[in-house]
Amino acid sequence: MPLILRAFTIGLTAFLTVVDLFATQAILPALAQAYGVSPAEMGFAVNATTIGMAAGGLAVALLGRRLDRRRGILASLALLALPTALLATMPDLPLFTLLRIAQGLCMSTAFALTLAYLGEHTSAADAAGAFAAYITGNVASNLFGRLLAAGLVDHWGLAANFHVFAALNLAGAVLVWSSVARTPPMQLTELSYRRPFNSFLGHLANPPLSVAFAIGFLILFAFIGTFTYVNFVLVRPPFSVGMMMLGIVYFVFLPSIVSTPLAGKVAARIGTRPALWSAFALAAAGLPFLLADRLSAVLIGLVLIAAGTFFAQATATGFVGRAAAIDRGAASGLYLASYFLGGLTGSAVLGVLFDRLGWTACVAGIGLSLALGALLTTWLVVLPVAEPQPMPLPSPSR
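Residues numbered from 1 in each chain as written. Predicted model: local features only at pLDDT ≥ 70, side-chain atom pairs only at ≥ 80, totals over all residues. Heavy atoms only, no water.

Draft legend 1. Quick look at the overall build of the protein chain. Secondary structure assignment for the protein chain yields 19 helices and zero strands. The 398 residues of the protein chain split such that 59% are buried. Accessible surface, the protein chain: about 15,000 Å² in total, of which carbon and sulfur atoms supply 71%. (Helix = DSSP H or I, 4+ residues; strand = E, 2+ residues; numbered from the N terminus. Buried < 20%, exposed > 50% of the residue type's maximum accessible area, 1.4 Å probe, protein only. Areas by Shrake-Rupley, 256 points an atom, 1.4 Å probe, with all protein chains shown as cover.)

This is the structure:
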């Protein structure tokens, strides 16, 4: 397969795998109105996918080496279409939440198995390009998934939106069926893989790794807090942005599509800690803009926060891949769990702040999480490495 076509296929697979994850955030105001609930309640329900994402990451870390990669990815994407289609029936809020968790479980399983496949079947020379393509697909899903969801709801309503996304899930399964080669499960060659819980305990006892897990928690905490509740700010006065325009707002992710794949090279050149400090500083610089009463200023703030958190995510995941001496699958599973639990916690905690104290208090909470992330970065050891290869995650949404 030509190199450009191969990169496009990898990126498109990533896009179709996680497009459901954050696209629904763009239609949060419409969902909250349809269900007659508060922003915090709807925000928690929509972001409940992170529970399934965390569980799926841990499950693949425990059992993934026994699974056929191609069949696992195919089954996950095909099954993902079922809860997505059921969301179109507009079930009650508890069932909506459970269906979002099921979506997260399917997405995370497909995502983690695809990462494993790329790691096992990509040459060292091609690895950088493959992972860069996968990262770019993840970031692109944040932009175009939200834009698509907003446009669909604006023109055809909520039910049509979920039907289209179910079709995209099936399209992802077809793409994997036609492009991913059949391979046997990996053999268990290390004792650590036979005792995954021992690996988990060993990783948690590794100070740099445990700090990296906490940093991942804080990255998605900040990202979710920003891009969940800013939707409610933008549809209210003085902005009064319509649904379609709300989707267009998410072109703020466009610079991140260019900058995020560079995280590995930047970390290799200046070090992991300076790269993370720079990323957190960039995100924090966007916070004052979020409190402005001009749309252009808010958009500048969102660009800075997106670029900073995506860059921090890619840098932190690259560090985890290098710092794990054994069983990198278990390490990435723990990172995934911490990362997505951070998103769920951010949705819940910052939602309460938004409902009770307003947008300014919510932004202050986001700033605190970024400050804590920068502080924890101090405890990351600098590993001697020529060039880190990040393990891509769904935009912090990876």
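Draft legend 2. Region of interest: the packing of aromatic side chains. A full pass over the atoms with the stated rule returns 16 aromatic pairs. Centroid distance Y229 to F232: 6.4 Å. Interplanar angle 25°. Geometry classified as stacked. Of this pair, Y229 and F232 are both found in helix α11 (residues 207-234), three residues apart, which corresponds to roughly one turn of the helix. Here the two residues Y229 and F232 agree in accessibility, since each one is buried. Put simply, the rings of F22, F223, F227, Y250, F253 and F310 pair up and form one aromatic cluster. Lying over the aromatic face of Y250, R146 brings its terminal NZ or CZ to 4.6 Å of the ring centre. (Phe/Tyr/Trp six-rings, centres within 6.5 Å; stacked < 30°, edge-to-face > 60°. Lys NZ or Arg CZ within 6 Å of the ring centre and 35° of its normal.)

Draft legend 3. Here's a closer look at the nonpolar core. Counting residues in each nonpolar core, the largest one holds 117 residues, and the members touching the most others are M42, F96, F227 and W359. Among the elements that make up this core, the one with the highest residue count is α11 (17 residues). With sequence-adjacent residues up to four places away left out, W359 is seen in contact with G225, T226, Y229, V230, V233, L290, L291 and F354. (Core = buried A, V, L, I, M, F, W, Y, C linked by side-chain atoms within 4.5 Å. Contact = heavy atoms within 4.5 Å.)

Draft legend 4. Structural detail: empty space enclosed by the protein. Taken as a whole, the second largest cavity spans an internal volume of roughly 40 Å³. As for the second largest cavity, its lining consists of D20, A23, T24, R100, A149, N161, F162 and F165. Mapped onto the lining of the second largest cavity, the elements with two or more residues apiece are α1 (3-23) and α8 (158-179). The element that contributes the greatest number of residues to the lining of the second largest cavity is α8, accounting for three residues. When the residues that make up the lining of the second largest cavity are grouped by side-chain class, the tally is four nonpolar, two polar and two charged. (1 Å grid on protein atoms, 1.4 Å probe; cavity = no way out; pocket = protein on both sides within 12 Å on 5 of 7 lines; lining within 4 Å. Points joined across faces, edges and corners; volume = space filled by probe spheres on them. Nonpolar A, V, L, I, M, F, W, Y, C, P; charged D, E, K, R; others polar.)

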